[in-house]
Amino acid sequence: MSHCPFCKKKIAMSKAFCSRSCKENYFQLIAIQVPKPFLKRIFVFCTPEQRDVEIENFASRHGWRLDLLKNKIAELAVDAGYKDMKVNS
């Protein structure tokens with residue numbers, strides 16, 4: 001048995017993903033690129049309400065799903081040292 005790379009469910013060895021949606025989400029998550037200046041702006045200069053608006057605008061501008069973008073930003077925020085600041089889901 002192997003695991004789905006997106007949701008970590010157990011799947012058969014002959015399959016790469018457990019579903020079509022997991023496959024699409026996985027590749028879209030990989031495609032999402034968030035520039036460091038954008039991260040700094042939303043975590044240093046914006047209030048949590050402004051942060052949500054900026055993230056929504058960024059998602060719609062690039063055609064990305066909002067939940068995937070928020071997950072990616074949360075990961076990058078921890079990596080960049082913005083641990084105490086959270087992205088509202």
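Here the structure is shown first, and the text comes after it.
A brief look at the structure comes next. Bear in mind the structure is a predicted one, so any value in this text is a computation, not a measurement. (Residues numbered from 1 in each chain as written. Predicted model: local features only at pLDDT ≥ 70, side-chain atom pairs only at ≥ 80, totals over all residues. Heavy atoms only, no water.)

### Points about the overall build of the chain
Reasoning step 1: Each helix and strand counted, the chain has four helices and two strands in total.
Reasoning step 2: For the chain, the N- to C-terminal ordering of α and β elements is β-β-α-α-α-α.
Reasoning step 3: Seen along its three principal axes, the alpha-carbon backbone of the chain occupies a region of about 50 × 25 × 20 Å.
Reasoning step 4: Expressed as a percentage of the 89 residues in the chain, the buried residues total 31%.
Reasoning step 5: When contacts within the chain are restricted to residue pairs at least 6 apart in sequence, long-range pairs at least 24 apart make up 39% of them.
Reasoning step 6: Put simply, the chain shows about 6,000 Å² of open surface, and 54% of that area lies on carbon and sulfur atoms.
Reasoning step 7: For the chain, the distance from the average site of its 16 positive side-chain charges to the average site of its 9 negative ones is 8 Å. (Helix = DSSP H or I, 4+ residues; strand = E, 2+ residues; numbered from the N terminus. Buried < 20%, exposed > 50% of the residue type's maximum accessible area, 1.4 Å probe, protein only. Contact = heavy atoms within 4.5 Å. Areas by Shrake-Rupley, 256 points an atom, 1.4 Å probe, with all protein chains shown as cover. Lys, Arg positive; Asp, Glu negative; His and termini not counted. Charge placed at Lys NZ, Arg CZ, Asp CG, Glu CD.)

### Notes on the packing of helix α2 (residues 36-45) against helix α4 (residues 66-80)
Reasoning step 1: Remark: α2 packs on α4, axes separated minimally by 11 Å, with the N-to-C direction vectors making an angle of 85°. By the criterion of interaxial angle, the relationship of α2 to α4 is roughly perpendicular. Contacts between α2 and α4 involve F38, L39, I42 and F43 on the former and, on the latter, I73, L76 and A77.
Reasoning step 2: When the residues that make up the contact of α2 with α4 are grouped by side-chain class, the tally is seven nonpolar, no polar and no charged. (Axes fitted to C-alpha atoms, helices over the stretch in contact; angles between N-to-C directions. Parallel < 35°, antiparallel > 145°, perpendicular 65-115°, else oblique. Nonpolar A, V, L, I, M, F, W, Y, C, P; charged D, E, K, R; others polar.)

### Here we look at the packing of aromatic side chains
Reasoning step 1: Taken as a whole and judged by the stated rule, the model has six aromatic pairs.
Reasoning step 2: With centroids separated by 5.3 Å and ring planes inclined at 80°, the aromatic side chains of Y26 and F27 adopt a geometry described as edge-to-face.
Reasoning step 3: Here F27 falls in the partly exposed class, since its relative accessible area comes to 44%.
Reasoning step 4: Judged by centre distance (5.2 Å) and plane angle (15°), the rings of F43 and Y82 are stacked. You can see F43 sitting in helix α2 and its partner Y82 sitting in the segment after α4, a full 39 residues away along the chain. (Phe/Tyr/Trp six-rings, centres within 6.5 Å; stacked < 30°, edge-to-face > 60°.)

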